[in-house]
Amino acid sequence: MLRSDVSSDRALARPEGREGRAASPPARAATSPRGTSPHGAAPPPAPTTDELLQLLTPDGVRRAEPTLDPWVADVDDERLLDLYEDMVVARRFDIEAVALQRQGELGLWPPLLGQEAAQIGSARALRPDDFAFTSYRENGVAYCRGASPTDLVRVWRGTALSGWDPRSIGMATPQVMIGAQTLHATGYALGCRIDGVDSAAVAYFGDGATSKGDVHEAMVFAASFRAPVVFFCQNNQWAISEPVGLQTRRPIADRAFGYGIPSLRVDGNDVLAVTAATRIALDRARRGDGPTFVEAVTYRRGPHTTSDDPTRYVDPEVQASWEQRDPLTRVERLLGASGALTEDRAGAIKANAERFAHEMREGCLALPVPAPTSVFDHVLVEPSAALARQRSEYAAYLAMFDDGEPR
Amino acid sequence: MTATTMAAALGSGLRRALEDDPRVVLLGEDIGRLGGVFRVTDGLQRDFGADRVMDTPLAESGILGVAVGLAYRGFRPVCEIQFDGFSYPAVDELVTQVSRLHYRTGGAIRMPITVRIPYGGGIGAVEHHSESPEAYFAHTPGLRVVTCGGPQDAHTMLRQAIACDDPVVFLEPKRRYWLKDEVDEELDGALPLDRARVVVEGSDVTLAAYGPLVVTARDAAIAARDEGVSIEVVDLRSLAPLDLDTLERSVRRTHRLVVAHEAQRSGGLGAEIAAGVTERCFDVLQAPVARVTGFDAPYPPAKVEEHFLPDLDRVLDAVDRVVGRPHALAGWSAAS
Ligand SMILES: Cc1ncc(C[n+]2csc(CCOP(=O)(O)OP(=O)(O)O)c2C)c(N)n1
Ligand SMILES: [Mg+2]
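All values derive from a computational prediction rather than experimental measurement. (Residues numbered from 1 in each chain as written. Chains lettered and ligands numbered in written order. Predicted model: local features only at pLDDT ≥ 70, side-chain atom pairs only at ≥ 80, totals over all residues. Heavy atoms only, no water.)

Asks: Mind showing me how you'd approach the domain arrangement of chain B here?
Replies: Quoted interface sizes are often the accessible area lost when the parts come together. Residues and elements named next belong to chain B. By domain assignment, chain B separates into domain 1 (2–183) and domain 2 (197–323). Computed from C-alpha atoms alone, the centre-to-centre distance between domain 1 and domain 2 is 26 Å. Each partner contributes to the interface: domain 1 provides 26 residues, whereas domain 2 provides 24 residues. Counting the surface lost from both domain 1 and domain 2, the interface buries some 1,900 Å², and carbon and sulfur atoms represent 54% of this. Across the domain 1-domain 2 interface, the total number found is three salt bridges. At the junction of domain 1 with domain 2, the criterion picks out 13 residue pairs in polar contact (both at pLDDT 80 or more). (Domains from an automatic or database assignment. Contact = heavy atoms within 4.5 Å. Buried area = accessible area lost by both parts, 1.4 Å probe. Salt bridge = Lys/Arg side-chain N within 4 Å of Asp/Glu carboxyl O. Polar contact = N/O pair within 3.5 Å; in protein donor to acceptor, adjacent residues only side chain to side chain.)

Structure representation (structure tokens):
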């Protein structure tokens, strides 16, 4: 179900030559009950599964979904176990990072609890030569791209502004300026098009980010230049304390229509559906059909960050309803029933997750504090004389304290 | 060599950059078929194609943000902002991303982006078309900010800016676009991008200017010479980083400094230059550094812009004050 009425433009129609892979039923009804209060004060009710593309129900039942099914035909029990393992690892290191923060070892951490399927399902659909441009919460994506356990905590411990060399893992430094990375992804994708390669860029952003001008500009540029970029929006229902109804009065995926960008609205807690949707979008990008917008409807079950107090604004009933829709539980149910998730296997997965979390803790505690004069490093590629002067003056100043007392 | 306008010298600079490096791409509003509103990019899309000379949607943050992504991909983007006043929507990307991605990534990602901005007043334009935003950019670590005073520097410095691995804000003094001079396209031996140049030698007072006021400063030197005052004109060229070494050498000879710019005074480049030179040359200065600048008001309507813009007389008045000439118009006498 590609949410697009713009099939008169051939390039924006569904992929060709893949009979039945992306049927194109009519776009959603033009009206939606979402966000009916004047200022979106109340969070919208959780969308029913009928409104979302879904392959795996919260009860662990594998449903047929003609748009998505062909795109995960290769995901057998073994591949699904891999995705499950990634989700277990992500949940585990996320908990470890929260603990590190509570123990004073990290300054801050933005938990991803509840968003494992959205992050793992999408990131595992990427190729190594693709490039992800994310915000701060996508630690599950970073893990899939190849960030080491220690890489994930550098920024939050305050020893670096970037956890890794972006080109080494095909993922930009996570963006703190909400929405800016969508433009960067679009520019990168434009570069791929100019270079004549079939790599793609993926922009990850939140529901709150969709209100930003940069995100709007990114979609305009991407559509006009037919850039091979995937706009992957994790609608986790919250932008800190603001419910999604304050950002939009209609489903976020519907926004894309106005830019001439087809969209998919999937159950973001369903790792299979997310994988399929991302593959559809990437396939369009690689074929030269331009951008696609994916809204993964999920829920942020933790605080915005470790500094947040969601008890001030979260309705416990809504929270509980989302806990019933856990992304890991449904896979456990499915694979438990099929017999693929044996006790041994579950134990091995858990051990892997423990190992990753342990390495994260050890790596975190061992991170060296950078040298004082490193604050002057890399301002310019060729350091300026003026900054070199500031640096040597400060080094001389510090040297006065070498024996503990100013000389 | 035949004389060319500054606009044409910039255009040939862009053409050479596109020829020399296949990773150079141009982005901007109306730069393709139209050749830019000042025709600086005239003919470039025709000759290099729409993938290298791109008309973009009308969105300045978008232009800079997309340039960031292109730089991530290894391109060397040259962005045109149509007018100075429209650089503000791009300031977000410039300040929060372009300027510090190299720093943020510990040197892993370079941002060899050039941002061309026609700037400054004197063309009788409507609001937002006559501004001098250099101080905002010069205050931002990680950006180089340069400007040219004539066609030769326009050509040479633009090519140097594009070849530079740091982001460069390249300010083009739009009222001098039609200034003509001979232009040598040889880059070898050219003065480095971050250096000021003494364009008129003198002994009584140093007059530091840049961009549109370099012409004014040269005129002032000629006028003052007739009155027996020898002005040394320094074209700063690079506003960030500032070439204080060249200024210091000059002021140690002249013992006096006047700084001129069109931009508003408070928090402007003149203040930074005055402080920097005072720190270095306090022992030899014979007068406080004088500033000749735009006023601390928004850029005024065209019919009164001549009052806002420093002109020959205001520059000479400041020179008179600094050298302590009796007929100085302003109240105080510096050398007493
Ligand atoms: C430009 C900007 N404004 C404000 C903030 C402060 N801020 C940080 S996260 C956030 C909410 C973002 O919500 P959303 O886009 O839904 O992403 P999520 O945190 O839910 O993953 C805000 C307002 C910011 N980082 N950047
Ligand atoms: Mg959110």
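Asks: Got a minute to help me understand the interface of chain B and chain A in this structure?
Replies: At the interface, 42 residues of chain B touch 40 residues of chain A. The contact between chain B and chain A buries some 3,500 Å² in all, and 62% of this surface belongs to carbon and sulfur atoms. Across the contact surface, chain B and chain A share three salt bridges. Put simply, Arg23(B) and Asp195(A) hold a salt bridge, and the shortest N to O gap is 2.7 Å. Counting the contacts that link chain B with chain A gives 17 residue pairs in polar contact (both at pLDDT 80 or more). For the side of chain B that touches chain A, the element with the highest residue contribution is helix H3 (residues 60–72) of chain B, accounting for 11 residues. Of the residues contributing to the side of chain B that touches chain A, the split by class is 15 nonpolar, 14 polar and 13 charged. (Helix = DSSP H or I, 4+ residues; strand = E, 2+ residues; numbered from the N terminus. Nonpolar A, V, L, I, M, F, W, Y, C, P; charged D, E, K, R; others polar.)

Asks: Got a minute to help me understand the site of ligand 1 in this structure?
Replies: Residue and element names in this part refer to chain A. Contacts to ligand 1 come from 14 residues, most closely from Tyr136, Arg137, Val176, Gly208 and Trp238. Computed on the free molecule, ligand 1 has an accessible area of 580 Å², of which 73% lies beneath the protein chains in the complex. Of the residues assigned to the shell around ligand 1, the class counts are seven nonpolar, four polar and three charged. (Near = heavy atom within 4 Å. Areas by Shrake-Rupley, 256 points an atom, 1.4 Å probe, with all protein chains shown as cover.)

Asks: Looking at this model, I keep getting lost on the UniProt feature "domain: Transketolase-like pyrimidine-binding" (unreviewed entry) in chain B. Mind explaining?
Replies: According to UniProt, the "domain: Transketolase-like pyrimidine-binding" (unreviewed entry) feature falls on residues 4–179 of chain B. Secondary structure content for residues 4–179 of chain B is 38% helix and 18% strand, and the end C-alpha separation is 8 Å. (UniProt positions renumbered as here; feature names shortened; annotations may be inferred.)

Asks: Where do I start with the sheet that holds strand S6 (residues 263–267) of chain A in this structure?
Replies: Sheet strands associate in pairs through backbone hydrogen bonding, adopting either a parallel or an antiparallel arrangement. Residues and elements named next belong to chain A. As summarised here, the arrangement of the five strands in space is S1-S2-S3-S7-S6, forming an open sheet in which the pairing is parallel. A single partner strand is all that each edge strand has here, and the edge strands are strand S1 (131–133) and S6. Strand after strand, the sheet turns through a mean of 20 degrees between neighbouring axes, direction not considered. For S6 and strand S7 (residues 292–297), the ladder comprises five bridges, and the chain directions are parallel. (Pairing = 2+ DSSP bridges. Axes fitted to C-alpha atoms, helices over the stretch in contact; angles between N-to-C directions.)

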